[in-house]
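Listed below, chain by chain, are the residues.
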Amino acid sequence: EKGTYPHFMLKEIDEQPFVIRKIIQEYQGDNDDIKLESDIRQAMLDADRVYIIACGTSYHAGLVGKQMIEKLAKIPVEVHVASEFSYNMPLLSEKPLFIFISQSGETADSRAVLVQVKEMGYPALTITNVPGSTLSREADYTLHLHAGPEIAVASTKAYTAQMAVLAILAVDTARAKGYELDFDPMKELAIVANAIEALCDQKDVMEGIAKDYLSTTRNCFFIGRGIDYYVGLEGALKLKEISYIQTEGFPGGELKHGTIALIEEGTPVIALATQENVNYPIRSNVQEVVSRGANACIISMKGLDQTDDTLVVPEVHDLLTPLVSVIPLQLIAYYAALHRDCDVDKPRNLAKSVTVE
Ligand code: M6R
């Protein structure tokens with residue numbers, strides 16, 4: 001039920017702090033341990049490479065998950081779009097572990113890959129919001145997102161939940177390997193939940209950004225570097241699927257290799273800057289587009305060197321910034337769609353679970 005909300009999407013955006021806190025509660029073991037099936041821990045330890053398979057928003061969460069697993073647990077990770085992987089399987093390592101990320105657990109493209117890899121005898125873990133779903137039943141292991149039913153076609157709370165669970169999995173594996181980490185995932189996720197709450201209280205700001213940058217435009221670009229690039233991809237998908245504005249997310253450094261040709265007077269460019277190591281490079285990309293007439297909106301993180309940014313989001317751990325920087329993008333997409341009288345919860349041509357290949 002929507003309750004007092006006009007749309008499920010807005011309700012689900014607002015639920016994100018609760019979802020993160022629920023995940024903390026569900027995965028918190030005794031004495032600061034992580035509560036995780038020992039078989040899953042072992043499967044991670046046994047793997048010489050992790051293959052993440054997913055579609056759409058879940059694929060974008062997988063890209064962030066790669067950074068988390070590689071940086072914390074030091075296992076190489078490849079992330080693949082399911083429909084590409086099944087027809088074009090790359091050369092696999094000797095001991096792969098497959099991780100399927102799917103809100104619904106019913107996505108046919110992902111299931112096709114699961115069937116293939118099970119036939120090949122490889123272990124599979126599904127991270128899903130629906131534990132009894134097909135992808136959950138057919139995999140060896142399941143991690144539950146605990147996000148509650150997601151009704152709006154545009155995925156919001158499942159995305160942040162997926163990244164939170166991936167962070168917990170990465171830390172658990174790192175600890176099992178005996179690595180000393182200065183990263184307590186539960187403490188850091190609690191900070192994230194508060195940061196999301198603070199942003200959800202600033203809806204008028206996001207609505208203003210949607211008005212200022214997107215009310216008449218036909219297109220919009222999202223740029224970022226590293227983990228911010230992955231969030232840009234998600235921001236671009238969210239905006240295009242519900243507002244029908246043509247969007248593209250790409251790495252800041254790629255601008256000069258083609259896309260900059262499309263920048264003209266007033267073209268909106270949303271830039272993300274949450275990472276110290278790319279703060280200056282992404283700002284110089286913003287300069288490149290501004291000098292060609294772009295209407296640039298910079299969303300950055302507190303603690304970084306900045307001047308006149310459009311929105312500064314609260315500071316969280318480096319690896320968890322996507323859970324926070326995506327919130328304004330979700331809300332901006334929501335208001336842009338609303339202002340265009342689009343059917344926010346049920347965009348044209350799309351279904352909540354895509355059960356055909
Ligand atoms: O249920 P899944 O996570 O497997 O769904 C994957 C995609 O179909 C889904 O994320 C889609 O891209 C959303 N509509 C994005 O908001």
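Each remark here, short or long, concerns the structure printed above.
Bear in mind the structure is a predicted one, so any value in this text is a computation, not a measurement.

Chemist: Sorry, what's going on with the overall build of the protein here?
Modeler: In terms of helices and strands, the protein carries 13 helices and ten strands. Here the protein has a C-alpha radius of gyration of 20 Å; the compact-globule value for 357 residues is 21 Å, and the two agree. The dimensions of the protein, computed from C-alpha atoms along their principal axes, are 55 × 45 × 45 Å. The buried share of the protein, reckoned over its 357 residues, is 59%. Put simply, of all contacts in the protein between residues at least 6 apart along the chain, 76% involve residues at least 24 apart. Put simply, the protein shows about 14700 Å² of open surface, and 47% of that area lies on carbon and sulfur atoms.

Chemist: Would you take a moment to explain the pattern of salt bridges for this structure?
Modeler: If the charged atoms of two oppositely charged side chains come close together, the side chains can form a pair. Enumeration over the complete set of coordinates arrives at 14 salt bridges. A salt bridge links Lys 203 to Asp 14, with the nearest nitrogen and oxygen atoms 2.8 Å apart. Here Lys 203, found in helix H10 (residues 203-214), pairs with Asp 14, found in helix H1 (residues 8-14); they are 189 residues apart in sequence, far enough to count as distant. Asp 14 carries the same exposure label as Lys 203, and that label is buried. A salt bridge links Glu 138 to Arg 111; the shortest N-O distance between them is 2.8 Å. Of the two residues, Glu 138 is situated in helix H7 (residues 134-138) and Arg 111 in helix H6 (residues 108-119); the sequence distance between them amounts to 27 residues.

Chemist: It is not clear to me how helix H3 (residues 38-46) should be interpreted in this structure. Could you clarify?
Modeler: Every buried residue of H3 is listed here: Ile 40, Ala 43 and Met 44. Seen from one end, H3 has its buried residues packed into an arc of 100°, which puts them on one side. For H3, the secondary structure elements touched by its buried residues are strand E1 (49-54), helix H4 (56-73), strand E3 (96-102), strand E4 (124-128), strand E5 (141-144) and helix H8 (157-176).

Chemist: I tried to follow the environment of Leu 272 on my own but got confused; where do I start?
Modeler: Mapped onto the secondary structure, Leu 272 falls in strand E8 (residues 268-273). Residues contacting Leu 272, with those up to four places away along its chain left out, are Ile 223, Gly 224, Asp 228, Val 231, Gly 232, Ile 282, Ile 299, Ser 325 and Leu 329.

Chemist: I would appreciate a short explanation of the layout of surface pockets in the present structure.
Modeler: Taking a probe equal in size to a water molecule and rolling it over the atoms shows the remaining empty space. For the largest pocket, the calculated volume is near 560 Å³. Lining of the largest pocket is provided by 25 residues; of these, Gly 56, Glu 241, Leu 350, Ala 351 and Val 354 occupy positions nearest its centre. Of all the secondary-structure elements, those providing two or more residues to the lining of the largest pocket are H4, E3, H6 and helix H11 (227-243). For the lining of the largest pocket, the per-class residue count stands at nine nonpolar, ten polar and six charged.

Chemist: Sorry, what's going on with the site of the ligand here?
Modeler: The immediate surroundings of the ligand are formed by 15 residues, with Ser 58, Ser 102, Ser 104, Thr 107 and Glu 241 found nearest. For the ligand, an oxygen atom lies 2.6 Å from a polar atom in the side chain of Ser 102. Within the side chain of Glu 241, one N or O atom sits 2.3 Å away from an oxygen atom of the ligand. Computed on the free molecule, the ligand has an accessible area of 410 Å², of which 91% lies beneath the protein chains in the complex.

Chemist: Got a minute to help me understand the sheet that holds strand E7 (residues 246-251) in this structure?
Modeler: As a general point, the strands of a sheet are linked pairwise by backbone hydrogen bonds and lie either parallel or antiparallel. Spatially, five strands are ordered E7-E6-E8-E9-E10 in an open sheet, and the strand pairing comes out parallel. Bordering the open sheet on either side are E7 and strand E10 (311-313), each of which pairs with just one other strand. Averaged over all adjacent pairs, the angle separating strand axes in this sheet is 20°, with direction ignored. Packed onto the sheet, helix H13 (residues 321-339) meets strand E6 (219-224), E8, strand E9 (295-301) and E10 and runs at close to 145° relative to E9.

Chemist: Which parts of the structure should I look at to understand the sheet that holds E3?
Modeler: Pairing is parallel across the open sheet formed by five strands, whose spatial order is E2-E1-E3-E4-E5. Sheet topology places strand E2 (77-81) and E5 at the edges, where each strand pairs with a single neighbour. Along the sheet, successive strands turn relative to each other by an average axial angle of 20°, direction set aside. By the bridge criterion, four bridges tie E4 to E5 in an arrangement that is parallel.

Chemist: Help me understand a negative patch on the surface in this model?
Modeler: Taken together, the side chains of Glu 276, Asp 305, Glu 315 and Asp 318 present a region of like negative charge at the surface. By secondary structure assignment, the location of Glu 276 is in the loop between E8 and helix H12 (279-290). Accessibility expressed as a relative area gives 56% for Glu 276, which makes it exposed.

Chemist: Would you mind going over the pairing of E7 with me for this structure?
Modeler: One face of the sheet, then the other: side chains in a regular strand alternate in exactly this way. Pairing analysis gives six bridges linking E6 to E7, with the strands arranged parallel. Each residue of the ladder has a partner; that of Asn 219, found in E7, is Gln 246. Crossover E6 to E7 through H11 is right-handed.

Each value, and the rule that gives it
Residues numbered from 1 in each chain as written. Predicted model: local features only at pLDDT ≥ 70, side-chain atom pairs only at ≥ 80, totals over all residues. Heavy atoms only, no water. Helix = DSSP H or I, 4+ residues; strand = E, 2+ residues; numbered from the N terminus. Rg over C-alpha atoms; globule rule 2.2 N^0.38 Å. Buried < 20%, exposed > 50% of the residue type's maximum accessible area, 1.4 Å probe, protein only. Contact = heavy atoms within 4.5 Å. Areas by Shrake-Rupley, 256 points an atom, 1.4 Å probe, with all protein chains shown as cover. Salt bridge = Lys/Arg side-chain N within 4 Å of Asp/Glu carboxyl O. Arc of directions from axis to C-beta. 1 Å grid on protein atoms, 1.4 Å probe; cavity = no way out; pocket = protein on both sides within 12 Å on 5 of 7 lines; lining within 4 Å. Points joined across faces, edges and corners; volume = space filled by probe spheres on them. Nonpolar A, V, L, I, M, F, W, Y, C, P; charged D, E, K, R; others polar. Near = heavy atom within 4 Å. Polar contact = N/O pair within 3.5 Å; in protein donor to acceptor, adjacent residues only side chain to side chain. Pairing = 2+ DSSP bridges. Axes fitted to C-alpha atoms, helices over the stretch in contact; angles between N-to-C directions. Patch = residues over 30% accessible without salt bridge, like charges linked within 9 Å, V, L, I, M, F, W, Y side chains within 5 Å. Lys, Arg positive; Asp, Glu negative; His and termini not counted. Charge placed at Lys NZ, Arg CZ, Asp CG, Glu CD. Right-handed = clockwise from strand over helix to strand, strands pointing away.

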